[in-house]
Amino acid sequence: MDTSIAYDVVLLPDTDRAVAYRKRAADSGCSLMGVTVAGFGAWVRDLWELYGDGRTFVSRLEREALLRAACERAADGDCVDPESDKRAQLDGASGRCGLAEGCIAEGACALVGNGETEALGLDRVAAACVAAGVGLPAFDAAVRDACQGVLAGAGALEGVTRAEVPVLRMIGGYLDRLAQLELIEPGQALALLPELLPQRPLRVLLEDAAPLTPGHEAFFSACPWMGVEVRAASGSQGPVRAPEGVRVRFAFPSGQYAWPALLADIARDALGAAADRGAAPAAVAAPAAAAGSAAGDDGASSCEDASGSADGYRDGRSAGAQAAAVVVAAKDPAVLFGRVAPALVRQGHVAALRGRRRFADTAFGRAICSLRRFLDEGQAGGVAHIEGYGDIAPTDVERWDRADLADWALSPFSGMTKKAAFKLDADMRADRTARRSDLCARLRADNPMFAAMERLALQLDAQAAAELEAAVRRMTNRSEAWRAEQLAALRALQRAADAAKLAGLGADAAFDQAKRLKVNVSRIVAPRGCDGAALGAPDVLMTDQNTAASLGSGSCRVLVATDLTSAAYPAADPEDASRVLLEHLGVKRADSALARMRRAFFALEHAATDQLILERCLNDSSADPTYPCVVLEEFVDCYRDDPTATEDIDNPYSLPERLQDGMLLRGEDALCANDALSDAPAPEAARIEPPLTGAVSSEARSLVVLPRVLQGGQVLDEPCLSPSQIESYLECPYKWFAQRRLRLDDLDEGFGPLEMGDFAHNALHSFYKHMSEDLGEAKVTPQLLPQARKLMADVLARHKALQPHLRQSENRLIPTSQVEHRELAELERKLMDYLDFEAELLPTFAPKYLEYDVACGGAVDYAGHKLLGTADRIDVDGEGRCAIIDYKGSISGSYALGVREEGRLGKVQALIYAQVVRRTLGLEPVGALYVCYGRRKMISGAYDGRVIENAHLPNMRHKDCMCADRPFSDVLDETEEAVAAALERMLAGDIRPRPETPEACKWCPVSSCSERRG
Ligand code: SF4
């Protein structure tokens, strides 16, 4: 080991790399006594703590929160251009700047870069400028001049546009606020430190260094007593061929279904039998522990002995221990781990994850974000303009979503059992009157977890956070890694909350920030009976590209670099407004996305000792083709004689022939094998015959119609049906089965045709009842219209008031939004208008039976079976003739008797009632009518043209409905015969989908029906 060059300080680009450096040095026996090994930022922080003026470094979260507060204040003037009095709007894509009124007030103006899909808020643009520019003379001078009112283009603001000046002024305000809070930007500290540091020789090595930023360069030039050596990270110029002895292979799953299966195959092949696991050296801490050590911001480590050498590590690191036999570098390792690890463990391998997960994707993050959405009153605020309804503001019920509370209830942070959570969800959905405040009060009283989470979600209460932390620690039925992840998420929210409080912001800002945070996640899973953590190194480590790159050369036998597509790793730097502003001030970019990718790829190439496998999914989740990322193309070019030629790579893999050797492919056709992540045939556990469709099995046939309980408690065992059921079966047998027997009803209490229909029926029933009781009249006549309208108004008012007191099962009509209130008002108007129509209808008849139970509490015979049901209304004349009236909200052509000429039966409810009434009441039916009270008042059905005059049935297509060539009773008999045949089919179990008209399919709940029409 070469110990001839010694350094006092070894600086690495980040804390992860510093930790990895120390580990590799320890593995290779290189002493670091007295050597400070740290990330650059952590080292500067340490120096400031020792030699600074006592101010504390501002954290990224605090910076963003303070700038957000400044940005909100800016809406009141700070960010307004003094010349035009307009607010700033920057266009980062082209560097153009414009001025537009109102953009800050609408949530910080839009700044969209070329490669960006998401607009950056002004506060985040300012934060990026501050992080890169503060401490640099040109930037500081520009901020100073902007605050002193110098105009764009003058003084230090030369090159700065008018729209950028208010941003600089806002940054000035932020720096003043920072000073008041006794905080300091790292850039400011870097500029001040050369004056404060003791001027004694210090040997500094910048190892694996990225290009120095202007701030770093200025710092080292201002400290001439430091002997600085920079060892640039390799690979900035682009990939090279893989090291000698390392086999390069390419893997191409054809799509997202094949992707995890192929990666599992690769890991399995690389590992061989589980018994070979010992081949993986066991000298590195388990990833869980490693991730933990890298989790903090500050990774500085100082040792006492100044004679230690860091240089020996550089040569000896490949001799050190391996992180795992197989390392997989993935864009989202947590997702990959979730899909692949269980299959690997089943085959006896130990798999580990070291990665980062978005706060909102952790169990805690999801739960608290769902609860906050539920509690946050203003989430659906604003006014919408709806055609036909005008401007509509959401009501309280519309401002919250039941699904948000259900998501929280089903999370581990509700303290509820699954059964209780599902019940809460079902109760909420079945009750349109459920109020958020009532639900909260109930949950607050019963559930301490809810109370704590509510306080945290709304008030960022620190005590609530402590209670939740204790609760997570008590969740011993969960793995330690899971608990660590949730605690990390909780702490992330607390950090965001502290930053928001410092800046005087509310919970909104804290949650916005928390949602952008990521937390460390680590897992290790091992076969039963094997202590994975004790092994030291797992068989497979899944991690992100940066972490894999920091593991060092020779850190694994097989390195699998996945997701090497241009979409996952774009090479272009985002052209946002912060970059444009910094360029205007002469602050140049030190690094680029492409250079970072090249360095990472170079490190990955050298991480493997045996195989380097490069994976690119050929199609993305939308089945669109993918394209290789730039570094993959560059790497392939290293193996080509003429990189400018195109013929040799004109194939689906974009590879020359020599690199196609040993390619790993997997298609998406083997669905089951891909899903099971194994090509081994699945053992047959049970054989299940495909379900019978279109018919009820002979064993279940007796249950096609369930026994009925009649009034008085008598149970009727023989099949008993209602006219509406029969009509539904005739419409389509399978629809009847789905609606009536499977009951594919929605869980949510509705506000639709069913509820509207029941409301209208009840109101009309009540109206006629009071006509005869209060006015002593049975029929509405033109003369009685004024009293009838008064009565109807009274009836409607009482029925509206009654709705909230009805049971949910009574199809109550509860409007909860302005739109629904207007729909109810519209229905009332229709019913009121219906009175005019009613005054012209059947003047020689009068309503005699209302909501008439045709079976009088029992069951009557019809079509060879039992029947029960209630006719809406039966009008009778002085001659003992009757017309059955069925109220409808709307009617179609199928209601007319004339459809029988097309060979179908059409609607039969009123005809069935007519036949039954003929037998039970001894009346002579002369009409079976469907009367529409909807927007277009009209009548359809069948009537005896020899008895009822056409003029007494207004708005009817008489030629389609009239029966004049034969007795009306023939129509009733013919209907009963057809119904009897249909009932035989029903009771024989025939439920084939057979829609009578395309209209039957319109509102059918059977979504996957091969016979669907229309
Ligand atoms: S979709 Fe049409 S054919 Fe199919 S079950 Fe429903 S109504 Fe019948």
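Residues numbered from 1 in each chain as written. Predicted model: local features only at pLDDT ≥ 70, side-chain atom pairs only at ≥ 80, totals over all residues. Heavy atoms only, no water.

## Description of helix α17 (residues 448-459)
And then number 1: Between its first and last C-alpha atoms α17 spans 16 Å; for 12 residues at 1.5 Å apiece the expected length is 16 Å, and the two agree.
And then number 2: The complete set of buried residues in α17 reads Met 449, Phe 450, Ala 451, Ala 452, Met 453, Glu 454, Leu 456 and Ala 457.
And then number 3: The elements touched by buried residues of α17 are α13 (363-375), α14 (402-409), α16 (436-446), α18 (462-474), α19 (480-502) and α20 (507-516).
And then number 4: A side-chain oxygen of the first residue of α17 lies 2.9 Å from the backbone nitrogen of Met 449; this N-cap is Asn 447. (Helix = DSSP H or I, 4+ residues; strand = E, 2+ residues; numbered from the N terminus. Expected span 1.5 Å × (residues − 1). Buried < 20%, exposed > 50% of the residue type's maximum accessible area, 1.4 Å probe, protein only. Contact = heavy atoms within 4.5 Å. Polar contact = N/O pair within 3.5 Å; in protein donor to acceptor, adjacent residues only side chain to side chain.)

## Notes on the environment of Leu 659
And then number 1: Along the chain, Leu 659 turns up in the loop between α24 (630-637) and β18 (664-666).
And then number 2: Sequence separation between Leu 659 and Phe 250 is 409 residues; the distance between their C-alpha atoms is 7.7 Å.
And then number 3: Here Leu 659 is in contact with Phe 250, Val 636 and Tyr 639, once residues within four sequence places are set aside.

## So, the pairing of strand β15 (residues 540-543)
And then number 1: Side chains of β15 alternate between two faces, with Val 540 and Met 542 and Leu 541 and Thr 543 buried alike.
And then number 2: Alignment of strand β10 (residues 326-329) against β15, held across four bridges, turns out to be parallel. The residue bridging Ala 329 from the neighbouring strand is Thr 543, located in β15.
And then number 3: Pairing geometry for strand β11 (residues 351-358) and β15, over four bridges, is parallel. Bridge pairing in β15 links Arg 354 to Thr 543. (Pairing = 2+ DSSP bridges.)

## Notes on the confidence of the model for the chain
And then number 1: With 87% of its residues at a pLDDT of at least 70, the chain reaches an overall mean of 86.
And then number 2: Between residues 91-119, whose pLDDT stays under 50, and residues either more than four places distant or in other chains, the model counts 79 contacts.
And then number 3: Overall, residues 273-320 carries pLDDT values under 50, and its contacts beyond four positions in sequence, including any with other chains, amount to 124 contacts. (pLDDT = per-residue confidence, 0-100.)

## Observations concerning empty space enclosed by the protein
And then number 1: Applying the stated criterion across every chain yields a total of four cavities of 30 Å³ or more.
And then number 2: Approximately 90 Å³ is the volume found for the largest cavity.
And then number 3: Lining the largest cavity, in full, are Cys 732, Tyr 734, Lys 735, Pro 993, Pro 995, Ala 1000, Cys 1001, Cys 1004, Val 1006, Cys 1009, Glu 1011 and Arg 1012.
And then number 4: Counting only elements with at least two residues in the lining of the largest cavity, the list comes to α27 (733-741) and α34 (998-1002). (1 Å grid on protein atoms, 1.4 Å probe; cavity = no way out; pocket = protein on both sides within 12 Å on 5 of 7 lines; lining within 4 Å. Points joined across faces, edges and corners; volume = space filled by probe spheres on them.)

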